[in-house]
Number of protein chains: 2
Amino acid sequence: MVTRLSHYFLRTLREDPADAEVTSHRLLVRAGYIRRAAPGIFTWLPLGLRVKAKIEGIVREEMTRAGAYEVHFPALLPREPYELSGRWEAYGDGIFRLKDRKDADYLLAPTHEEMFTLLVKDLYSSYKDLPLTIYQIQDKYRDEARPRAGLLRGREFTMKDAYSFDYTDAGLDASYQLQRDAYERIFQRLGMEYVIVNADNGLMGGARSEEFLHPTPVGEDTFVRSAGGYAANVEAFTTVAPEPIAFDGLPAPVVFDSPDTPTIDTLVAHSNAVLEGEYTAADTLKNVVLALTHLDGTRELVVVGIPGDREVDDKRVEVAFAPAAVEPATEADFAKHPLLVKGYIGPWSELGPVLGEESATGIRFFLDPRVVDGSSWITGANVDQKHVHTLVAGRDFTADGFVEVANVRPGDPAPDGSGPVELARGMEIGHVFQLGRFFAEKLGLKVLDENGKLVTVTMGSYGIGVTRILAALAELNNDDKGLVWPASIAPFDVHVVATGRDAVAFELAEKLAADLEAAGVDVLLDDRPKVSPGVKFGDAELVGVPRIVIVGRGAADGEVELWDRRTGERETVAAADAVAALTAG
Amino acid sequence: MVTRLSHYFLRTLREDPADAEVTSHRLLVRAGYIRRAAPGIFTWLPLGLRVKAKIEGIVREEMTRAGAYEVHFPALLPREPYELSGRWEAYGDGIFRLKDRKDADYLLAPTHEEMFTLLVKDLYSSYKDLPLTIYQIQDKYRDEARPRAGLLRGREFTMKDAYSFDYTDAGLDASYQLQRDAYERIFQRLGMEYVIVNADNGLMGGARSEEFLHPTPVGEDTFVRSAGGYAANVEAFTTVAPEPIAFDGLPAPVVFDSPDTPTIDTLVAHSNAVLEGEYTAADTLKNVVLALTHLDGTRELVVVGIPGDREVDDKRVEVAFAPAAVEPATEADFAKHPLLVKGYIGPWSELGPVLGEESATGIRFFLDPRVVDGSSWITGANVDQKHVHTLVAGRDFTADGFVEVANVRPGDPAPDGSGPVELARGMEIGHVFQLGRFFAEKLGLKVLDENGKLVTVTMGSYGIGVTRILAALAELNNDDKGLVWPASIAPFDVHVVATGRDAVAFELAEKLAADLEAAGVDVLLDDRPKVSPGVKFGDAELVGVPRIVIVGRGAADGEVELWDRRTGERETVAAADAVAALTAG
């Protein structure tokens, strides 16, 4: 059925919405695709719903092709499954919780790992049932602290989430590959550039984890890539440690006075002055005190030593110490540990080791992988206004472990030897990763194998943000006039604009629209009777259907104009040829 | 793509679920369509999702045909719009409420009148924009006190809700009719018997309100119908009052002793004994004391007088006094009103009027419409152990108003003169009603009319319970073997069963399935290699695809069996003719 603008529920807006921070948000609201209902929560208008349905259609087709079956879990779920997995607590303020009239705890699900796991546990019992991949396209909820950027970071959003179930690691690898391939096809069909980056697998303990990032300046994520093909998000980047150095013949550590040098810059300047050296920040060891809050609520201070020319990266440190929450140590923390002299902290003092394996403080000490055995450092002497130089790693101090918390810098070597990396901005549009047996163990999902032995199932998790992709596509496909959708997801195939005061133009437009519909083309017909051609053209440009047909002055001669929204090219053709031209592909 | 049972996410169950109260729930769980996630909250498995999508597809087509446009509102909504309409409070315990991390109030929307109204207010301003009808198909939430009967009364459920917007009453009537016609087409296409009954419009004040009831013994609603075509739910039934009777010559009221007669039965027996009459319960006036709780929290006692052969109907009394909540008066209420002598209450005593317009008690008194002026009653005398007879309405007592609270009985005359009514059970499957200007006034939705004057918009509300319809269709379409879907909503068009150990049967089944898919037929292929024919047939019967093809023994001769699930008829045809036979319509 032809959709007529004279009746359609569409009002374009002249003004940008006051709260729009990004282009996609601005244009989707102005062109009548979405409307804000609450912070981070949107109403879908008819145009928006059409584009969303097209994206979902492509995702469904590729899921079916990958052998996945669609299910649908409730959004409102009881506490118990999330209690079993430990996530009821772990989510903190990040989810919406509520109680029913009987005072039972519920949540609005942010993800459904527990439910997928329990459903399969409920119905399956044998290795013969596997492999299985099931998915849903569903509205999810996260109580974001700062919902922003329109659909890009909302509190109610649509996701496709799939889970695979296998009983062997090889099976998981195969299921993973099927989904990974499906994701590549989806993004190719949507015309979205993507980079597949290695990602940290967090707590789950599975083997592979990859994010699909869409490179864009409005992306929230920073990722790392080398010209040689390496790509990872910053959390997953691993440092190339230098070779250890022989200790032999290195002089002993020397404590020296260093008044008023609590920062690396002041320390380097002072050291060069008093030691007559040419030290740089890279020669200093910066010891940062962090407070971890563990899942059981206990608080632990740890110290991490990194080269003084680097900073602790918030995302990397979060992943390094997960599931504990990390924050800088407070004055109260320092007050409890008089051995840690703020601004002058180091792993060693003239009395012996202060931090690390042999220390008696009980404070764990972690080192950046660059601090290899035999490397020599200027660092705090654990005495106010004093530092030490020629403090040699492995000889004078040791660590309780190595952590990847220092920031990645352009020029750092890629861990796979493919050359120096650069940093870029990207938006996460998909994530495939191997959950492994984390949830299956927590929730007791086991099957009998070929030998009649119960084995724990191994799972993969595969997510695509449908509403986020829609916003990303709007971000990618626009110009100063408005949106310019790719044909695969445009709300309509053709936008027919009837202009002028001549009945003949409107009649021809009606006929053309009807012929196009008969040929299977979805038509939006601008048949508004008293609207000027300028307004109609402006609306067509704003709405962004890729193919526009103008039926106006030439109608009396049986001519219409084909207008390519993307290139702006216009071409006059006989109305009789228009259907063929518009359905030619 | 052919869906293969060897891989499909489907496990049928031999046992009925323990919590299933109704056939639809039992079969939908056993046949692998749904799975319980929490009380009144269900997970949709692949088969269930397919049927749901088909129902939604039919609803969408008919909405489009009726000129309605689809939108989609969030399920999670802020308090404010519901505060403006007064419903945040009015919903009581019936909805899910929650707070976000900033302590702002939210709810899971049970219906979206406020949001529809505000959206149109946001975008429209002129009579030229109207009429408009928009709808959504959406998951809704109600915190039912007693979720039950599977999908029939759930806490998370899918509805199609539409709203029309007009600026004249005639416009509303036209929009209403379009939706009403669409509903008739929807139920006809779904093959569901329905009765359109008049319904009470409650608080909204609009003119028309009709429910689509599906007659079924498992229905929760009682409705009333006459052979002459009248139909109404019990709340909306209106009593045909007899003609008033002249008072002249009627004897004066007489108080008489009536020890131990607090019930109508004891009163009638006693009256017939001491008055030597042939009275029945219909000659007595029963005065019931009710406690109303008004929206502002105040509690008010009222008395309703009804003929002694009727009961107060809970649903009718609820509607009669809405929006106040109604409950029977408590002992504490009686204690506060010593004039009301329990068991012996009447509108009159020897001291004069106790209830009604001229009473000084301040307790409002309502009468059943049958208590017409001149009718004569035996009723309480407001003295313990005493009643009064020949108490004449309009002469000895008057009311503050008339209310429809007495129960409807088979044989009562239909208000439209179409004869006596009968009572039947039905399930509400749709509701169309004229909201009128209730929400538009509360939320300030006005448009400029032809004369440039601001007028308040008038609205219609049109709801269909998608998941409830699915359950109702399962309730309607089954036999002792399982489900028997109508073709229009079956999860697959054809279920091909390959049986036996012969590779030739499996090969022929594969070829037939592929040919059917090529002809546009959705096929479920039972290609499970080591499952007995009996199990396969049982599963096919349970799942309920209406057309089954058995490819087994005859395969070597190029023959297959067509099996009509509903009639049980089987017919052997050449495999080469099967596609034609199955696509013949």
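Residues numbered from 1 in each chain as written. Chains lettered and ligands numbered in written order. Predicted model: local features only at pLDDT ≥ 70, side-chain atom pairs only at ≥ 80, totals over all residues. Heavy atoms only, no water.

1. What to know about helix α12 (residues 503–518) of chain B
Residue and element names in this part refer to chain B. Threshold: The numbering of helices and of strands both runs from the N terminus, where a helix is a DSSP run of H or I of at least 4 residues and a strand a run of E of at least 2. The span you would expect from a helix comes to 1.5 Å times its residue count less one. Here's how the labels work: a residue is buried when its accessible area is under 20% of the maximum for its type, exposed when over 50%, partly exposed in between, all with a 1.4 Å probe on protein chains only. Residues are treated as being in contact if the distance between any of their heavy atoms lies within 4.5 Å.
Under the 1.5 Å per step criterion, the end-to-end length of α12 is 23 Å for 16 residues, consistent within 8% with the ideal 22 Å. Within α12, burial applies to Ala 505, Phe 506, Leu 508, Ala 509, Leu 512, Ala 513, Leu 516 and Glu 517. Packed against the buried residues of α12 are β30 (494–498), β31 (523–526), α13 (533–543), β32 (547–551), β33 (559–564) and α14 (575–583). Looking at the residues trailing α12, positive phi occurs at Gly 520, about 85°.

2. Looking at helix α5 (residues 113–123) of chain A
Of all 11 residues in α5(A), eight are buried, a share of seventy percent or more. Those residues of α5(A) not exposed but buried are Glu113(A), Glu114(A), Met115(A), Phe116(A), Thr117(A), Leu119(A), Val120(A) and Leu123(A).

3. Let's talk about empty space enclosed by the protein
Just so we agree on the cut-off: Whether a set of points on the 1 Å grid over the protein atoms alone is a cavity depends on a 1.4 Å probe fitting there but being unable to get out, while an open set qualifies as a pocket with protein on both sides within 12 Å along at least five of seven lines; lining residues are those with an atom within 4 Å of a point. Grid points are joined across faces, edges and corners, and a volume is the space filled by probe spheres set on the points. Three classes are used: nonpolar for Ala, Val, Leu, Ile, Met, Phe, Trp, Tyr, Cys and Pro, charged for Asp, Glu, Lys and Arg, and polar for all others, with Gly counted as polar.
Per the counting criterion, the structure on display carries three cavities of 30 Å³ or more. Size it by volume and the largest cavity reaches roughly 90 Å³. If you trace the largest cavity, you find it lined by His72(A), Phe42(B), Trp44(B), Lys52(B), Asp139(B), Leu151(B), Glu156(B), Phe157(B), Thr158(B) and Thr467(B). Listing elements by their share of the lining of the largest cavity, those giving two or more residues are β3 (41–44) and β9 (156–166) of chain B. Considering every element that reaches the lining of the largest cavity, the biggest residue donor is β9(B), with three residues. Of the residues belonging to the lining of the largest cavity, the class tally is four nonpolar, three polar and three charged. Taken as a whole, the second largest cavity encloses approximately 80 Å³ of empty space. Going through the elements one at a time, β3 (41–44) and β9 (156–166) of chain A are the ones with two or more residues in the lining of the second largest cavity. Looking at the lining of the second largest cavity residue by residue, the classes come out as four nonpolar, three polar and three charged.

4. Overview of the relation of the copies chain A and chain B
The test is simple: All copies are superposed by least squares; the fitting set is the C-alpha atoms of residues with a pLDDT of at least 70 in both.
Superposition of chain A onto chain B requires a rotation of 180° combined with a translation of 0.1 Å along the rotation axis, giving an RMSD of 0.2 Å. In symmetry terms, the pair is related by a two-fold rotation axis. Taking C-alpha positions as the reference, the residue of chain A nearest the rotation axis is Leu98(A), at 2.6 Å.

5. Looking at the packing of aromatic side chains
Selection rule: Stacked, edge-to-face and tilted labels apply to pairs of Phe, Tyr and Trp rings (six-membered ring for Trp) whose centres lie within 6.5 Å, assigned for plane angles under 30 degrees, over 60, and everything in between, in that order. Charge-over-ring contacts are defined here by two conditions on Lys NZ or Arg CZ: a distance within 6 Å of the ring centre and an angle within 35 degrees of the ring normal.
Counted according to the given criterion, the structure contains 34 aromatic pairs over all chains. Here the aromatic rings of Phe116(A) and Tyr163(A) are separated by 4.4 Å at their centres, their planes lie at 45°, and the arrangement is tilted. In this pair, Phe116(A) is assigned in helix α5 and Tyr163(A) in strand β9, connecting sequence segments 47 residues apart. In this structure, Phe116(A) and Tyr163(A) share a single accessibility class: buried. In this structure, Arg570(B) packs its charged tip against the face of Trp563(B), placed 4.2 Å from the ring centre.

6. Comments concerning the packing of α12(B) against α14(B)
When two helices pack together, their arrangement is given by the angle between the helix axes and the distance between those axes. Residues and elements named next belong to chain B. For the record, the criterion: Think of each axis as a best-fit line through the C-alpha atoms, taken over the contacting stretch in the case of a helix, with angles from 0 to 180 degrees between the N-to-C directions. Put simply, a crossing is left-handed when the front helix is turned counterclockwise from the back one by less than a right angle, and right-handed when it is turned clockwise.
The contact between α12 and α14 brings their axes to 10 Å, and the two run at 35°. Handedness of the crossing formed by α12 with α14: right-handed. Of the residues in α14, those touching α12 at Leu 508, Leu 512, Asp 515 and Leu 516 are Ala 575, Ala 578, Val 579 and Leu 582. Here the residues of the contact of α12 with α14 are counted per class, giving seven nonpolar, no polar and one charged.

7. Topic: the domain arrangement of chain A
All names here are of chain A. Which entries qualify depends on this criterion: These domain limits were set by an automatic method or by a database of domain assignments. Each reported salt bridge corresponds to a side-chain nitrogen of Lys or Arg within 4 Å of a carboxyl oxygen of Asp or Glu.
Assigned domains within chain A: domain 1 (52–73 + 110–237 + 422–474), domain 2 (254–402) and domain 3 (492–583). For domain 1 versus domain 2, the distance between C-alpha centres works out to 38 Å. Facing the seven residues of domain 1 at the interface are five residues of domain 2. There are one salt bridge connecting domain 1 and domain 2.

8. Let's talk about the nonpolar core
Cut-off, in case you're wondering: Nine residue types can take part in a nonpolar core, namely buried Ala, Val, Leu, Ile, Met, Phe, Trp, Tyr and Cys, and a core is a set of them joined through side-chain atoms within 4.5 Å.
Among the nonpolar cores identified, the biggest contains 202 residues, and Phe9(A), Phe165(A), Trp485(A), Phe9(B), Phe165(B) and Trp485(B) are the most heavily contacted of them. With sequence-adjacent residues up to four places away left out, Phe165(A) is seen in contact with Phe116(A), Thr117(A), Val120(A), Leu130(A), Pro131(A), Leu132(A), Ile134(A), Leu445(A), Val457(A), Thr458(A) and Met459(A).

9. Let's talk about the side chain of Gln138(A)
Residue and element names in this part refer to chain A. To be explicit about the condition: N or O atoms within 3.5 Å of each other form a polar contact, as long as, within protein, one can give a hydrogen and the other can take it, and as long as residues adjacent in sequence are counted only when both atoms are side-chain atoms.
Topologically, Gln 138 is positioned in strand β8 (residues 132–141). For Gln 138, a relative accessible area of 3% puts it in the buried group. At a separation of 2.7 Å, a polar atom in the side chain of Gln 138 contacts the main-chain carbonyl oxygen of Phe 73. In terms of polar contacts, Gln 138 uses its side chain to reach the backbone carbonyl oxygen of Pro 74, at 3.4 Å. Contacts of Gln 138, omitting those with residues within four sequence positions, involve His 72, Phe 73, Pro 74, Ala 75, His 112, Phe 157, Thr 158 and Met 159.

10. Regarding the confidence of the model for chain A
Applicable threshold: Residue-level confidence of the predictor is what pLDDT reports, using numbers from 0 through 100.
Summarising the model, chain A shows a mean pLDDT of 93, and 99% of its residues fall at 70 or more. Quick note on the complex model: pTM equals 0.87, ipTM equals 0.86.

11. Quick look at the sheet that holds strand β21 (residues 376–383) of chain A
Residues and elements named next belong to chain A. As a reminder of what qualifies: Strand pairing is assigned whenever DSSP identifies at least 2 bridges connecting the two strands.
With respect to topology, three strands assemble into an open sheet ordered β14-β22-β21, the strand pairing being antiparallel. Unpaired on one side and paired on the other, β14 (254–257) and β21 mark the two borders of the sheet. Within the sheet, the average angular offset between the axes of one strand and its neighbour, ignoring direction, is 30°. Across five bridges, β21 lies against strand β22 (residues 386–392) in antiparallel orientation. For Trp 377, the partnering residue across the bridge sits in β22 and is Leu 391. Strands in contact with helix α7 (residues 264–275) are β14, β21 and β22; relative to β14, the strand with the most contacts, it is inclined by about 105°.

12. Some thoughts on the pattern of salt bridges
All names here are of chain A. Using the criterion set out here, one finds 106 salt bridges over all chains in the structure. Here Glu 510 makes a salt bridge to Arg 4, at a shortest N to O gap of 2.5 Å. On the criterion of sequence distance, the pair formed by Glu 510 in helix α12 (residues 503–518) and Arg 4 in strand β1 (residues 3–4) is long-range, its members being 506 residues apart. We classify Glu 510 as partly exposed; its relative accessible area is 30%. Within this structure, Glu 21, Glu 144, Arg 148, Arg 153 and Glu 220 form a network of salt bridges that share partners.

13. Notes on the interface of chain A and chain B
Put simply, the rule is: Two parts placed together each lose some accessible area under a 1.4 Å probe, and adding up what both lose gives the buried area.
On the chain B side, the residues contacting the 59 residues of chain A number 59 residues. Summing both partners gives a buried area of about 4900 Å² for chain A against chain B, and 64% of it is carried by carbon and sulfur. The interface formed by chain A and chain B includes six salt bridges. Salt-bridge contacts for Arg11(B) lead to Asp129(A); the nearest nitrogen and oxygen are separated by 2.6 Å. For the pair chain A and chain B, the interface holds 18 residue pairs in polar contact (both at pLDDT 80 or more). It is α5(A) that provides the largest number of residues to the side of chain A that touches chain B, a total of five residues. A breakdown of the residues in the side of chain A that touches chain B according to their chemical character gives 35 nonpolar, six polar and 18 charged.

14. Some points on the pairing of β31(B)
Note on strand geometry: in a regular strand, side chains alternate between the two faces of the sheet. Residue and element names in this part refer to chain B. Defined as follows: With the strands aimed away from the viewer, a crossover counts as right-handed if its path from the first strand over the helix to the second runs clockwise.
Covered by surrounding structure in β31 are Val 523 and Leu 525 together with Leu 524 and Asp 526, the residues of both alternating faces. Judged from the two bridges that link them, strand β1 (residues 3–4) and β31 form a sheet pairing that is parallel. Bridged to Arg 4 within β31 is Leu 525. Alignment of β30 against β31, held across four bridges, turns out to be parallel. Note that in β31 the partner of Val 494 across the bridge is Val 523. Viewed along the sheet, the connection from β30 through α12 into β31 turns out right-handed.

15. What about the sheet that holds strand β33 (residues 559–564) of chain A?
Residues and elements named next belong to chain A. Reading across the sheet, the six strands line up as β1-β31-β30-β32-β33-β34 and stay open at both edges, with mixed pairing between neighbours. Both outer strands of the open sheet, β1 and β34 (570–574), are each paired with one neighbouring strand and no more. Sheet analysis places strand β32 (residues 547–551) next to β33, joined by four bridges and oriented antiparallel. Looking at β33, one finds that Ile 550 is bridged to Glu 561. Along the sheet, helix α13 (residues 533–543) makes contact with β30 (494–498), β31 (523–526), β32, β33 and β34, crossing β30 at roughly 170°.

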